[in-house]
Amino acid sequence: MGDNRIHGKLPTSIGEIPDSIGKLKDLSQVHLSSNSLSGKIPSSLGNLTSLSELYLDGNSLQGSIPSSLGNCLKLQALTLAHNNLNGTIPETILSIPSLSTLVDLSHNSLSGLLPPQVSRLINLGELYLSGNKLAGEIPSTLGECVVLRYLFLNGNSFEGIIPQSLKELRGLQELDLSSNKLTGKIPTFLGRLPFLYNLNLSYNDFEGKIPEEGMFKNASALSITGNRNLCGGISTLRLPVCITLPRPLTVASAKHRRSISPKVIISLVIMIICLILLVMYFVVRRFCCSRNKPTSSASLDQQTQSVRISYAELLKATNGFSSENLIGSGGYGSVYKGILSYNCNEKVVAVKVLNLQQEGASKTFMAECNSLRNIRHRNLIKILTVCSGVDYRGNDFKALVFEFMANGNLEGWLHPTPQANGKNVPKNLSLLQRLNIAIDVASAMDYLHHHCVIPIVHRDIKPSNILLDDDMNAYVGDFGLAKFLPDFSNSSGQMSLTTVVKGSTGYLAPEYAMGGKVSTQGDIYSFGTVLLEMFTGKGPTEDMFKEDLNLHNFSKTALLSEDQVMESVDERLMIDKGEHGQETINNDGKLKECLYSVLKVGVSCSVESPEERGDISDILMELSVIRDMKLQKQP
């Protein structure tokens, strides 16, 4: 009964909330997510001893979490996220040994401590407590949950240090402790967790030297914004150098100061002089590298230590915004390749210059800055800085500076453009590469929709906004149309007001064209269209799609049989490169099964009705299973 607009009470014929539902003693799954249900969670749910899944997220439920849920000893998944629940986390819930899939209590108003009984969740894979009012220290017993893969405690009031016991979480993949009151040094063991690929420690009070081993060598996987007393780390973090001052004389040592030899005194004096000279060196060096920066430059966030860039520096970096450096252009501006010098180093960047003569360009600039301000994910394009000032003619100038992606965008790989000699660029993506790109994009969308403090709808998912790095990893970019969903818990994942939505023809969800509300389901439609385009090789606006025939219907018809699928997909998918680079035709049964499954996912995502489209978390899991099927070797 999820993803409807049910409000009030359920019909009495199947039991009311809050009481009679407890009579359905053989009920094993309850899915009431993303409705408008209110009132309290019925304590009678504790009578459902066969219950394995309880999904009540995305409603307007109030009151406390009933401790009677601890009687559901077969419960594997519990999500009460995005409600108005208050009170403490019942210890009884943390004593359910069967909880293995996830516990999601995020985005409520839960308070108090995280009970030490959390250690009993020894089989749990995912724990989400973000966006509550939890306080106190992170319990050291959390280290006993050795199966945890995802741990999100961000947006609370936890204090104290990161407990050393977390080093036992060897399978941890994502850890978010941002926006708390944590103190002390960042422990080095976090860098040694073998599977950790995303660590967010932003907006705490950590201090001291940043570790430099393991994942701390990868700046894109680490977020430390808002910790003003950190130093050291790899150079790309651009933190100040850690300086260790000589230890002052103590009372005890003062008693023996007469016994200090002249050699020691001379050594101390020399050390202090060297220290002063070292500080002066770095001050002068910093001044030399930044003396030409005007006050009109602005960084993305005044609390970060991002490098500040002026119009003059961008002009030089792009060779005067020359046509040779032009990467691409769109409705709101142009993108140039540039070589930027900062901190006395050089870095290849992409500079997006806004066309401020275009109506809405300034609004797009602000939307992109606000969207990218605090989000961090391995598959989201990383913004380095922004510039907001004036050019040499006194005109307003706004630009964003991103990491440069050597392999361009997905559009250029799916639909190569002719070169000057009239020949097509020899580009092709293998089946596995396309699957990996699709999974990367889905991972980014899952983060935006479910793991941000405030969910974000991108609204412009299309191949030209999907960028590829040297290793063909995909990154979602261009947040100029992005929208926050501030009333997520009260609006079933939609904006509370109808909004005139701009987007790209062919990828725009049909409900938007009719003045529908902004929702995460609009992104699902765009993603489904991109997925079909990736594997059919046909864009949604091609001439062949007229009247009732569109990319969705074309792909849906292809699903009538696996043979018909093979006739409809991009013929370049049949080309497989052998060990020595020779091209062969790949047409085995596993390929057919894989392509059939992918098109089926794309068709289900791009249906006309928003309610019938899936959730991006489930879609991500389906694509991962399909990729595993492709990688599995035949007997």
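Predicted model, so just to flag it, every value in this text is computed and none were measured.

Draft legend 1. Geometry of the overall build of the protein. What the protein contains, in helices and strands, is 12 helices and 30 strands. Counting every position in the protein, which comprises 635 residues, the buried fraction comes to 49%. By sequence separation, contacts in the protein at least 24 residues apart represent 57% of the contacts at least 6 residues apart. Of the accessible surface of the protein, which amounts to about 31300 Å², a share of 52% is contributed by carbon and sulfur atoms.

Draft legend 2. Here's a closer look at the environment of Leu595. Within the secondary structure, Leu595 is located in helix α11 (residues 589–605). With a relative accessible area of 1%, Leu595 lands in the buried category. Between the C-alpha atoms of Leu595 and Val569, which are 26 residues apart in sequence, the distance is 7.9 Å. Residues contacting Leu595, with those up to four places away along its chain left out, are Leu431, Phe535, Val565, Met566, Val569 and Leu573.

Draft legend 3. Just the sheet that holds strand β2 (residues 29–31), in detail. An order of β2-β4-β6-β8-β10-β12-β14-β16-β18 is seen for the 9 strands of this open sheet, with the pairing classed as parallel. Lying at the two open borders of the sheet, with one neighbouring strand each, are β2 and β18 (222–223). Judged from the 2 bridges that link them, strand β8 (residues 102–104) and strand β10 (residues 126–128) form a sheet pairing that is parallel. What sits directly across from Val103, in β10, is Leu127.

Draft legend 4. Examining helix α6 (residues 431–451) more closely. Its 21 residues place the ends of α6 29 Å apart at the C-alpha level, agreeing with the 30 Å of an ideal helix rising 1.5 Å per residue. Counting buried positions over the 21 residues of α6 gives 17, a clear majority of the element.

Draft legend 5. Up close: the packing of α6 against helix α8 (residues 520–536). Running from N to C, α6 and α8 point in directions that differ by 175°, and their axes come no closer than 11 Å. Between α6 and α8, the angle falls in the class roughly antiparallel. In this structure, α6 contributes Leu431, Arg434, Leu435, Ile437, Ala438, Val441, Ala442, Met445 and His449 to the contact, and α8 contributes Thr520, Asp523, Ile524, Phe527, Leu531, Met534 and Phe535. Residue composition of the contact of α6 with α8, by class: 12 nonpolar, 2 polar and 2 charged.

Draft legend 6. Structural view of the packing of aromatic side chains. Under the counting rule described, the total for this entry stands at 6 aromatic pairs. With centroids separated by 4.8 Å and ring planes inclined at 75°, the aromatic side chains of Tyr311 and Phe397 adopt a geometry described as edge-to-face. Residue Tyr311 is found in helix α3 (residues 311–317), and its partner Phe397 is found in strand β24 (residues 396–403); the two are separated by 86 residues along the sequence. This pair shows no difference in class: Tyr311 is buried, exactly as Phe397 is. Consider the rings of Phe545 and Phe554, whose centres lie 6.1 Å apart with planes at 70°: the pair is edge-to-face. A relative accessible area of 11% places Phe545 in the buried class.

Draft legend 7. How the structure looks around the sheet that holds strand β9 (residues 109–113). Taken together, the 8 strands give an open sheet; going across it, the order is β5-β7-β9-β11-β13-β15-β17-β19, and neighbouring strands pair in parallel fashion. The sheet is open, and its two edges are formed by β5 (62–63) and β19 (229–232), each paired on a single side.

Draft legend 8. Structural detail: the confidence of the model for the protein. Taken residue by residue, the protein gives an average pLDDT of 82. The fraction at 70 or more is 82%. Across the protein, strand β12 (residues 150–152) holds the top mean pLDDT of 95, while strand β30 (residues 583–585) sits lowest at 46. When the criterion is pLDDT under 50, residues 420–424 qualifies, and its contacts beyond four places in sequence or with other chains add up to 4 contacts. Contacts from residues 495–500, a stretch scored under 50 in pLDDT, to residues over four places away or in other chains number 13 contacts.

Draft legend 9. Spotlight on a nonpolar patch on the surface. Among the surface-exposed residues, Ile265, Val269, Ile272, Ile273, Ile276, Leu277 and Met280 lie close enough to one another that they form a single nonpolar patch of about 640 Å² accessible area. Its place among the elements puts Ile272 in helix α2 (residues 262–290).

Draft legend 10. Seen up close, unusual backbone geometry. Phi angles above zero are rare outside glycine, and His107 is one such case at about 55°. You can see His107 is positioned in the loop between β8 and β9. Its relative accessible area of 14% is what places His107 among the buried residues.

Draft legend 11. Spotlight on the pattern of salt bridges. Counted according to the given criterion, the structure contains 8 salt bridges. Among the salt bridges present, the one from Glu126 reaches Arg149, with a minimum N-O distance of 3.5 Å. Here the residue Glu126 occupies a position in strand β10, and Arg149 occupies one in the loop between β11 (133–137) and β12, the gap between them amounting to 23 residues. Given a relative accessible area of 17%, Glu126 falls into the buried group. A salt bridge links Asp460 to Lys462; its shortest N-O distance comes to 3.9 Å. By relative accessible area, Asp460 is classed as buried at 8%. Via salt bridges that share partners, Arg434, Asp570 and Arg572 belong to a single interconnected network.

Reading the values: rules and limits
- Residues numbered from 1 in each chain as written.
- Predicted model: local features only at pLDDT ≥ 70, side-chain atom pairs only at ≥ 80, totals over all residues.
- Heavy atoms only, no water.
- Helix = DSSP H or I, 4+ residues; strand = E, 2+ residues; numbered from the N terminus.
- Buried < 20%, exposed > 50% of the residue type's maximum accessible area, 1.4 Å probe, protein only.
- Contact = heavy atoms within 4.5 Å.
- Areas by Shrake-Rupley, 256 points an atom, 1.4 Å probe, with all protein chains shown as cover.
- Pairing = 2+ DSSP bridges.
- Expected span 1.5 Å × (residues − 1).
- Axes fitted to C-alpha atoms, helices over the stretch in contact; angles between N-to-C directions.
- Parallel < 35°, antiparallel > 145°, perpendicular 65-115°, else oblique.
- Nonpolar A, V, L, I, M, F, W, Y, C, P; charged D, E, K, R; others polar.
- Phe/Tyr/Trp six-rings, centres within 6.5 Å; stacked < 30°, edge-to-face > 60°.
- pLDDT = per-residue confidence, 0-100.
- Patch = residues over 30% accessible without salt bridge, like charges linked within 9 Å, V, L, I, M, F, W, Y side chains within 5 Å.
- Salt bridge = Lys/Arg side-chain N within 4 Å of Asp/Glu carboxyl O.

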